Structures are given as structure tokens and as C-alpha cells.
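# Coordinates in review
These are the residues of each chain, in order.
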Amino acid sequence: MNVAESSPILMNRAGVCLAHFEAISASPQSPPLVLIHGWTGDHRIFTRQIEYFAKSRHVMAVNLRGHGDSDAPKQEYTIEGFADDVAWQCRERNLEKPLIIGHSMGGSVALELCGRHPELASGVVMIDSIVTPRFALRDSPEIEQFLDEISTANYREILRKNAWSMALNYDAPTRRETIHNTYIRASCEKTPQHVAYSAMRNFMLNYDASPAATRCKVPMAYIAADVPLVSAACDLDWLKVRCSQLVLAKTLLAGHFNTIEVADQVNAMLDRFLAVGLGPRATTRI
């Protein structure tokens, strides 16, 4: 599937158009995959996963409300709202027990979805996600400054710089710039300011993943990257206490956008989780 040239599938939910991209194998294995991008992102961050898994499965990559080709109404944007949107899309497309995979903030959406809709998914994978911000961060001057910056007229430049810094310096400068310009920059520039600000503010200051984590009983994996900021902000010990089924993995020498930077590593980990991590229902890729 050529993600860059494909057209979105648009569905109307209570007057709001929600977009997603689909690719379906001629003989799809179970379970299907649902891919959820992060803050100010879109489906392109999963380009390599769509290409790889569409050979054997039904893959749906969403554009969250306010992002990509989805509508961006003036409203509050919350993890809970995103999760309900994606659950609705799954049901509308008759996806049976999909594996929910979320990158960055999309990992929090994935966990929330599985907690709020416990019957929907077969498992959940979070990729370099903060999951829920440490409470100490909520009163920090750094968070206050960041929220102030994305509320200014210069917010697009702030989003671009933030995304650029998260990739780190593992790749050659030319490859890093190509990844940024091809898969990341356009979605940052397209995301409306009211969406970016509301989603980040509600996530950092108001969101509590405890109820969802407590209710989530499906197989669960977390794939980390080599990003000190995410590692410092994400309390995986907290998550492990609430979700004893959690298994941990880490990509090697990759920044936050490891789904593109080291796609082969991420795809191999997802393959393994599909084959073994989901238990007796799992199917092995041939």
C-alpha cells in the first residue's frame, strides 16, 4: 500500500468527519491491526507498518479527531474522546478483536480504549508513550512554558522543533531530515492550534490513566525508544503494578519515531507479539 498516494475513508460521527486509511490482505489473518498516531501526527508515522502488515492482515490507521484528514471542530480534545472515536470506527468497520497499537500519545489513547471498551480488543501495544504524565510534571515550569509557547502565533515552529528534537541524533543528518520532512513535518503544520493546545493541556494536566489501566486485562506490550524525555516522564513501574500482563521491549539506537527510524525492529517485535504475546488465539506469520 502506498500510504502517501492513498485516499482516506471518511465516516461521519455525530456531524464530525473521522478519517482512516485501510489496507487489507487478500487472505487476512486474525487479528486485524488498528494503528493510532500521536499528538499532532497522522497515519504516516506507521507507513512502514502498514506496508509490512497489509501483506497478511487487515490494517486500519486512523487520523484522530482534529488531525490529518479528520475534522477539527472547536471543542476540548481529550484522551477519553479520542478513545471513544477509535472504538466507534472499529465497530463501524466490523473489526473483530483487533490489536490496538498506539505511538506516543496514541499509546495513551490505545490503553484508554482498551479500558473503556474491554470487550473490543485482543491486545494493546504502546510505542514510546508517556501513558500518563507523572503528577510532579503537572506543576513544573517546563510544562507551563511549553503550553504557553503552543498558545502563541509561533506555535507551528514550536511543534516542528519539538518533533525534530524527539528524533535525536542516531541517524545521518540527511536521513534524519528526510524522515522529518516526509513523515512528521506536514502533520505538525496541518494540526490546528486549538487542537494541539487542547489535546496537550488536557493530557498533561487532567488525564489520569489509572481507571483504564486497572480495567485493561488484555495482553499488553510497551516498546520504548532511546528518548530520555519520554523515559523520565513515563512511569512504567506504575503501569506494571496495575497491569501485571505488561511485557517490555526497546528498540536499539532509535529516537521517538522508531516506527520509521528502525521499522524492521518494530515490525519484528509486533510480529512476535502477534505470534506469542496474544496467547492461544495468536497466529504465526509465514
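That block above? That's the structure.
Report follows, based on the coordinates. (Residues numbered from 1 in each chain as written. Predicted model: local features only at pLDDT ≥ 70, side-chain atom pairs only at ≥ 80, totals over all residues. Heavy atoms only, no water.)

### Description of the packing of helix α2 (residues 79-92) against helix α3 (residues 105-116)
Cut-off, in case you're wondering: For helices, the fitted line uses only the C-alpha atoms of the stretch in contact; every axis is such a line through C-alpha atoms, and the angle between N-to-C directions lies from 0 to 180 degrees. Per the convention used, a helix needs a DSSP run of H or I reaching at least four residues, while a strand needs a run of E reaching at least two, with both numbered from the N terminus. Roughly parallel here means an angle under 35 degrees, roughly antiparallel means over 145, roughly perpendicular means 65 to 115, and every remaining angle is called oblique. Crossing handedness: left-handed means the near helix sits turned counterclockwise from the far one by under a right angle, and right-handed means the same turn made clockwise. Contacts between residues were defined by any pair of non-hydrogen atoms, one from each residue, lying within 4.5 Å. Residues are grouped as follows: Ala, Val, Leu, Ile, Met, Phe, Trp, Tyr, Cys and Pro are nonpolar; Asp, Glu, Lys and Arg are charged; every other residue, Gly included, is polar.
Relative to each other, α2 and α3 sit at 70°, their axes nearing to 8 Å. With respect to α3, the element α2 is oriented roughly perpendicular. As α2 packs across α3, the resulting crossing turns out to be right-handed. Taken together, the residues of α3 that come into contact with α2 (itself represented by I79, E80, F82, A83, D84, V86 and A87) are M105, S108, V109, E112, L113 and R116. In terms of residue class, the contact of α2 with α3 is made up of eight nonpolar, one polar and four charged.

### Topic: the packing of aromatic side chains
Selection criterion: Aromatic rings from Phe, Tyr and Trp, taking only the six-membered ring of Trp, are treated as a pair when their centres fall within 6.5 Å; an angle between ring planes under 30 degrees marks them as stacked, one over 60 as edge-to-face, and anything in between as tilted. Relative accessibility under 20% of the residue-type maximum defines a buried residue, over 50% an exposed one, and the middle range a partly exposed one, all with a 1.4 Å probe and only protein chains included.
In this structure the tally under the stated criterion is four aromatic pairs. Here Y52 and F53 contribute two aromatic rings whose centre-to-centre distance is 4.8 Å and whose plane-to-plane angle is 90°, an arrangement assigned as edge-to-face. Accessibility expressed as a relative area gives 24% for Y52, which makes it partly exposed. What makes F53 buried here is its relative accessible area of 0%.

### A short note on the pattern of salt bridges
The criterion, for reference: Whenever a carboxyl oxygen of Asp or Glu lies within 4 Å of a side-chain nitrogen of Lys or Arg, that contact is scored as a salt bridge.
By the definition in use, this model includes 14 salt bridges. The partner of K250 in a salt bridge is D226, with the nearest N and O atoms 2.9 Å apart. Of this pair, K250 sits in strand β8 (residues 246-250) while D226 sits in the loop between β7 (220-224) and α9 (228-233), and the two are 24 residues apart along the sequence. Salt bridges sharing common partners tie together E157, R160, R185 and E189.

### Examining the sheet that holds strand β3 (residues 29-36)
Think of a sheet as strands paired side by side through backbone hydrogen bonds, with each pair either parallel or antiparallel. The following threshold applies: In this description, strands pair whenever DSSP reports at least two bridges between them.
An order of β1-β2-β4-β3-β5-β6-β7-β8 is seen for the eight strands of this open sheet, with the pairing classed as mixed. Both edges of this open sheet fall to β1 (9-13) and β8, since each of them pairs with a single strand only. The sheet shows a mean angle of 20° between the axes of neighbouring strands, direction not considered. With five bridges joining them, β1 and strand β2 (residues 16-24) adopt antiparallel strand pairing. Counterpart to N12 in the pairing with β2 is C17. Strand contacts of α3: β3, β5 (99-103), β6 (123-127) and β7, with the helix running at about 150° to β5, the strand carrying the most contacts.

### Topic: the environment of F146
Here F146 shows up in helix α4 (residues 141-149). Given a relative accessible area of 17%, F146 falls into the buried group. Sequence separation of F146 and R242 is 96 residues, and the distance between their C-alpha atoms is 30 Å. Aside from chain neighbours lying at most four places away, what touches F146 is W39, I158, N162 and M200.

### Concerning the side chain of D128
Inclusion rule: His is not counted, nor are the chain ends, whereas Lys and Arg count as positive and Asp and Glu as negative. Here a polar contact means two N or O atoms within 3.5 Å. Within protein one must be a hydrogen donor candidate and the other an acceptor candidate, and residues neighboring in sequence count only if both atoms are side-chain atoms.
Tracing the chain through its elements places D128 in the loop between β6 and α4. There is no salt bridge for the buried D128, and the closest opposite charge comes from K250, which lies 8.3 Å off by N-O distance. Separated by 3.1 Å, the side chain of D128 and the backbone nitrogen of A225 make a polar contact. Here the side chain of D128 touches H256 through a polar contact of 2.6 Å, side chain to side chain. Leaving out residues up to four positions away in the same chain, D128 has contacts with S104, Y222, I223, A224, A225, V227, V230 and H256.

### Structural notes on the state of the cysteines
Cut-off, in case you're wondering: Cysteine sulfur atoms that come within 2.5 Å of each other are treated as a disulfide pair.
Per the stated rule, a full pass over the model turns up zero disulfides. Of all cysteine sulfurs in the structure, the one in C114 sits closest to C90, which takes part in no disulfide; the separation is 9.2 Å. For C90, a relative accessible area of 1% puts it in the buried group.

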